[in-house]
Amino acid sequence: MRNYKVPTLTIAGSDSSGGAGIQADLKTFSAIGTYGMSVITAITAQNTQGVLDVEDLSGKIIRKQIEAVFNDIYPKALKIGMVSNPEIILEIVSTLKKYNPKFIVLDPVMISKSGYCLLKKEAKDSLIKHLIPIAYVVTPNIPEAEEISGQKINNLEDMKNVGEKILNLGPKYVLMKGGHLEGDAIDVLIGKDTFEIYKENRFNRKNTHGTGCTLSSAITSHLALGYDIFESVKLSKKYITEAITHSFDIGKGVGPVNHFYEFEDRIE
Ligand SMILES: Nc1ncnc2c1ncn2[C@@H]1O[C@H](COP(=O)(O)OP(=O)(O)OP(=O)(O)O)[C@@H](O)[C@H]1O
Ligand SMILES: Cc1ncc(COP(=O)(O)O)c(N)n1
């Protein structure tokens, strides 16, 4: 059900190498078939080998970007990715509250795959106190969920317990991603009366730059297209699995997942 006229928005950081952040989000929106818009929170100098530097944008220009978008093209769903400091978080929360969007998908980005800290230490409390409560669905990976809850996660039972703890912070759903555990790639969706398991084979691939950004953008797109949370997660899990399976070598380090493998045989 592609509908390129359905607007979606990403509020996130720019990845100069195009594998994660805003760039991954817009590729995902396009590949799934929604109209992607962006509010940039920070500029990273980044490639497949790592993050070299970061400059945060001011709260003021972030607020103005959000206002410019919402006052003209109201997105059906939006995602939030890298938001590195408390000022940025508070500005985003207070601005979004004016528009009251229904579907906020929050990917609580903390540390890049290459090990760079994308969320400043002092921003963790604001994330927990102000941003998580306004989310429709929060999508932490295991280390992020451990950081938010202060609890260790070793297995599915722990994922469920910690997920419930995060749910008590106020979002409607928590999708905990099991990419960092061993064995199958298992994600769990936790809601008030919900516990759903989404399981796929784990593929031994080097190029997994941007997996988290891609999954949250895929969920955003599907929610915008009118699917419910269960179908949105199911279709998005399928999307990220295919994107990982078809990931490719580009650059000297951890390459990106592939959003356009369906079109590959059309390219000369
Ligand atoms: N090797 C793999 N094979 C199959 N699926 C995977 C693999 N690694 C991760 N996934 C899946 O990819 C999605 C993203 O999970 P992951 O835990 O990698 O997120 P993340 O750590 O937030 O990503 P990022 O580091 O890009 O922010 C999840 O659905 C997860 O199960
Ligand atoms: C701007 C930005 N946002 C998010 C990530 C996380 O992605 P990954 O963990 O795959 O490095 C990133 N590296 N850069």
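Residues numbered from 1 in each chain as written. Chains lettered and ligands numbered in written order. Predicted model: local features only at pLDDT ≥ 70, side-chain atom pairs only at ≥ 80, totals over all residues. Heavy atoms only, no water.

Caption draft 1: View of the packing of aromatic side chains. Under the definition given, this model contains five aromatic pairs. When the centroid spacing of 4.7 Å and the interplanar angle of 25° are considered together, the rings of Phe 70 and Tyr 99 count as stacked. In this pair, Phe 70 is assigned in helix H2 (residues 59–70) and Tyr 99 in helix H3 (residues 86–99), connecting sequence segments 29 residues apart. An angle of 80° between the planes, with centres 4.8 Å apart, marks the rings of Phe 103 and Tyr 136 as edge-to-face. Taken together, the positions of Phe 103 in the loop between H3 and strand E5 (104–106) and Tyr 136 in the loop between helix H4 (124–131) and strand E6 (137–138) put the pair 33 residues apart, joining distant regions of the chain. Of the two residues examined, Phe 103 and Tyr 136, each falls in the buried class. Three or more aromatic residues joined by ring pairs make a cluster, and in this case those are Phe 103, Tyr 136, Tyr 173 and Phe 230. (Phe/Tyr/Trp six-rings, centres within 6.5 Å; stacked < 30°, edge-to-face > 60°. Helix = DSSP H or I, 4+ residues; strand = E, 2+ residues; numbered from the N terminus. Buried < 20%, exposed > 50% of the residue type's maximum accessible area, 1.4 Å probe, protein only.)

Caption draft 2: Representation of the site of ligand 1 within the structure. Residues in contact with ligand 1 amount to 17 residues; listed here are only the nearest, Asn 141, Lys 177, His 180, Asp 187 and Phe 203. Contact between ligand 1 and Gly 179: an oxygen atom at 3.4 Å from a main-chain N or O atom of the residue. In the model, an oxygen atom of ligand 1 is placed 2.9 Å from a nitrogen or oxygen of the Lys 237 side chain. Burial of ligand 1 by the protein chains amounts to 93% of its free accessible area of 620 Å². Of all the elements in the fold, those that place two or more residues in the shell around ligand 1 are strand E8 (185–191), helix H7 (211–224) and helix H8 (229–245). Its residues placed into classes, the shell around ligand 1 shows five nonpolar, seven polar and five charged. (Near = heavy atom within 4 Å. Polar contact = N/O pair within 3.5 Å; in protein donor to acceptor, adjacent residues only side chain to side chain. Areas by Shrake-Rupley, 256 points an atom, 1.4 Å probe, with all protein chains shown as cover. Nonpolar A, V, L, I, M, F, W, Y, C, P; charged D, E, K, R; others polar.)

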